[in-house]
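Below are the chains, spelled out letter by letter.
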Amino acid sequence: MVTANMLLMSLCQTQEYPKLYLNTSVIICFYNEDPSTLFRTVHSVLDQTPAELLHEVLLVDDSSDGELLGNIHNEVEEFVGKNFPPKVQLLKTMKREGLIRARIFGAKKATGQVLIFLDSHCEVNREWVQPLIARIQENRTFVVTPIIDIINSDTFQYTSSPLVRGGFNWGLHFKWDSLPDDTLKTNEDFVKPILSPTMAGGLFAIEREYFFDIGEYDAGMNVWGGENLEISFRIWMCGGRLEIIPCSRVGHVFRRRRPYGSPNGEDTMTYNSLRAAHVWLDDYIEHFFHVRPDARHVSYGDVGPRQRLRRLMKCQSFDWYLKNVYPELTVPGKESNQTAKKETIGKLQSRRKYHKKNYVATYQIKLSGSRLCVESDKEVTSKGSTLLLSVCSRTKKQLWSVTDKGEMVLAQMLCMESPESSKQKPRLSKCHEMGGLQEWKHHDDIDTPVYNIAAGLCLGISSSGIKDFANPNLDNTPVIMTVCTDTSAAKWDFVKIP
Ligand code: UDP
Ligand code: MN
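What you see is a predicted model; the values in this text were computed from it and never measured.

Cut-off values and rules
- Residues numbered from 1 in each chain as written.
- Chains lettered and ligands numbered in written order.
- Predicted model: local features only at pLDDT ≥ 70, side-chain atom pairs only at ≥ 80, totals over all residues.
- Heavy atoms only, no water.
- Donors = N, O, S within 2.8 Å, 3.2 Å for Na, K, Ca; no water.
- Helix = DSSP H or I, 4+ residues; strand = E, 2+ residues; numbered from the N terminus.
- Buried < 20%, exposed > 50% of the residue type's maximum accessible area, 1.4 Å probe, protein only.
- Salt bridge = Lys/Arg side-chain N within 4 Å of Asp/Glu carboxyl O.
- Near = heavy atom within 4 Å.
- Polar contact = N/O pair within 3.5 Å; in protein donor to acceptor, adjacent residues only side chain to side chain.
- Areas by Shrake-Rupley, 256 points an atom, 1.4 Å probe, with all protein chains shown as cover.
- Nonpolar A, V, L, I, M, F, W, Y, C, P; charged D, E, K, R; others polar.
- 1 Å grid on protein atoms, 1.4 Å probe; cavity = no way out; pocket = protein on both sides within 12 Å on 5 of 7 lines; lining within 4 Å.
- Points joined across faces, edges and corners; volume = space filled by probe spheres on them.
- Disulfide = S-S within 2.5 Å.
- Contact = heavy atoms within 4.5 Å.
- Phe/Tyr/Trp six-rings, centres within 6.5 Å; stacked < 30°, edge-to-face > 60°.

What follows concerns the coordination of the manganese ion (ligand 2). Within the protein, Asp-119 (OD), His-121 (NE2) and His-252 (NE2) serve as the donor atoms for the manganese ion (ligand 2), at 2.0 to 2.2 Å. Read from N- to C-terminus, the donor residues coordinating the manganese ion (ligand 2) fall into the pattern D-x1-H-x130-H. One end of the pair, Asp-119, is in the loop between strand 4 (114-118) and strand 5 (122-124); the other, His-252, is in strand 12 (residues 241-253), with 133 residues separating them in the sequence. A relative accessible area of 18% means that Asp-119 is categorised as buried.

As structure tokens, this is what we get:
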């Protein structure tokens, strides 16, 4: 069988690029990264990038202070001096800045014509840089990202990712969306740039001066989170464009947990998202507060300078962005004109009147830290179906409506039912409205266990699947019931479908 990825590979190999005259500064920030992983990243950049296109590699140590790994800075310094050419330079921030200010720090030291940001645990693939530079040469306001392939965090095995693009939900969480219908019709469509409403985060290329022209990053953001959506909104709303270049591929190690917190335990994702929301969302900020009522009274520092920047650059409204860049996003209370949505959410809503059930909300149930969601193995009407993980997409098979009785009803048809012992698997059954094995307890946000009181067990994934949890190509991992304290008891994100 010829898969989309095989087709892509052969098409990319025959691509011809114009003469490339822009060189690059690759900026890699790290904080308590295992040095061997960092060196791996640098080696791949040196091996896979034509020397004349690689102006420098800037390693920015964000004042690593981990005790487990010894003195990281000294180890990196010594290794860089001995093993890498002079164009690889090690820099260090004065104090821990967080990835946003660390990237700005690196960008200010860079002298190449194109900045390429990478995480410290990547492996760039063959011909990764040429298509990125070629696209920026066409237009300096194009900000481009590679396809982010998956490196297994246990085995470092490299697997390719499907063709998807970046979106977000009203909780201001980044998510992958499938491509709009009809995007991939001809062979050329597979190698053409894909317009993307948002970027995932750490991996992108941007012309150096353009990065500063459009306001680099919001330096008021701390440690981690939200900066990817902020820069995405800004690029689109202020005259640029964000694209995924399918022939450029970079592997990234998806970790289950980040090996760090924020210095004072602050929830930087919320803080940073609030800053982005107050600067860019206009009245749509109310949709954010609707799903995050807790965030309404959280402080977010001074965004005055960022709001002035937006005025100065005469950027478009968020309404414009939604209409022109991300019409697929459902705006609560507004009719969606998307056929795909009519298929799923619309149908669910119309069916609602025939049921007496009291639905609280509809979710995708995503394995935390992965791109995989709980899906039925057969049709949503098929009683006895078991559950498995599959790349998150808004198909009926992944839309779980939660009722006021704690039921989880797939496509508002059948209930998730726990077996009585962990020897059997959870299945879809006719809803009986009597609680018991159909009653589930969970929080409706991220990182929650999913507990069945009657069975005394939690939703988990079979342990053979755990190792590959971030790998969307190794989907089909069965969902099982397990003792809640067991390692196979998973944490899940309840991703609300607006
Ligand atoms: N990073 C940093 N300072 C921090 C936190 C992270 O320089 O305070 C670096 C980190 O080492 C990595 C990049 O920023 O190279 C992105 O962070 P991470 O990989 O943890 O984010 P994720 O990929 O999990 O979203
Ligand atoms: Mn990372």
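A few words now on the pattern of salt bridges. Per the stated rule, a full pass over the model turns up 27 salt bridges. Linking Lys-95 and Glu-97 is a salt bridge whose minimum nitrogen-to-oxygen distance equals 3.3 Å. Assessed through its relative accessible area of 15%, Glu-97 is described here as buried. The shortest N-O distance in the salt bridge between Lys-192 and Asp-189 comes to 3.0 Å. Classification of Asp-189 as buried rests on a relative accessible area of 10%. Three or more residues are tied together by salt bridges with common partners; here these are Arg-135, Glu-138, Arg-241 and Glu-243.

Here we take up the site of ligand 1. For ligand 1, the set of nearby residues contains 16 residues, the closest of which are Asp-62, Arg-96, Ser-120, Arg-255 and Tyr-260. Within the side chain of Arg-96, one N or O atom sits 2.7 Å away from an oxygen atom of ligand 1. Between Tyr-260 and ligand 1, the recorded distance is 2.5 Å, taken from a side-chain N or O atom to an oxygen atom. For ligand 1, whose accessible area on its own is 530 Å², the fraction buried by protein is 90%. The residue inventory of the shell around ligand 1, partitioned by class, reads 7 nonpolar, 4 polar and 5 charged.

Another point: unusual backbone geometry. Of note in this structure, Leu-172 is not a glycine but carries a positive phi near 60°. Counting through the fold element by element, Leu-172 comes out in the loop between strand 8 (164-168) and strand 9 (174-178). Under the relative-accessibility criterion, Leu-172 is labelled buried at 2%. Even without glycine at this site, Asp-282 takes up a positive phi of about 50°. Relative to the elements of secondary structure, Asp-282 occurs in the loop between helix 9 (268-280) and helix 10 (285-291).

Empty space left among the atoms is revealed by rolling a probe the size of a water molecule over them. Under the counting rule described, the total for this entry stands at 2 cavities of 30 Å³ or more. What the largest cavity holds in volume is close to 130 Å³. What lines the largest cavity is a set of 17 residues, among which Pro-146, Ile-147, Ile-148, Trp-176 and Ile-244 lie closest to the centre. With 4 residues, strand 6 (residues 142-151) is the single largest residue contributor to the lining of the largest cavity. Its residues assigned to classes, the lining of the largest cavity shows 11 nonpolar, 5 polar and 1 charged.

Quick look at the state of the cysteines now. Per the counting criterion, the structure on display carries 4 disulfides. Disulfide pairing places Cys-238 opposite Cys-315 at an S-S distance of 2.1 Å. On the sign convention where negative is left-handed, the bridge of Cys-238 and Cys-315, at about 105° about the S-S bond, is right-handed. Taken together, the residues Cys-238 in the loop between helix 8 (227-237) and strand 12 and Cys-315 in the loop between helix 11 (304-312) and helix 12 (318-324) connect sequence positions 77 residues apart. Considered together, Cys-238 and Cys-315 belong to a single accessibility category, that of buried residues.

A few words now on helix 11. Residues of helix 11 that are buried: Gly-304, Arg-306, Leu-309 and Arg-310. Buried-residue contacts for helix 11 involve helix 8, helix 9 and helix 12. Lys-314 lies just past helix 11 and shows a positive phi near 50°.

The full count for this structure, using the stated rule, is 22 aromatic pairs. Centroid distance Phe-117 to Phe-211: 5.5 Å. Interplanar angle 50°. Geometry classified as tilted. Of this pair, Phe-117 sits in strand 4 while Phe-211 sits in helix 7 (residues 208-213); the two residues are 94 residues apart in sequence, bridging distant segments of the chain. What makes Phe-117 buried here is its relative accessible area of 0%. With centroids separated by 5.3 Å and ring planes inclined at 50°, the aromatic side chains of Phe-168 and Tyr-326 adopt a geometry described as tilted. Of this pair, Phe-168 sits in strand 8 while Tyr-326 is found in the loop between helix 12 and helix 13 (339-351), placing the two residues 158 residues apart along the sequence.

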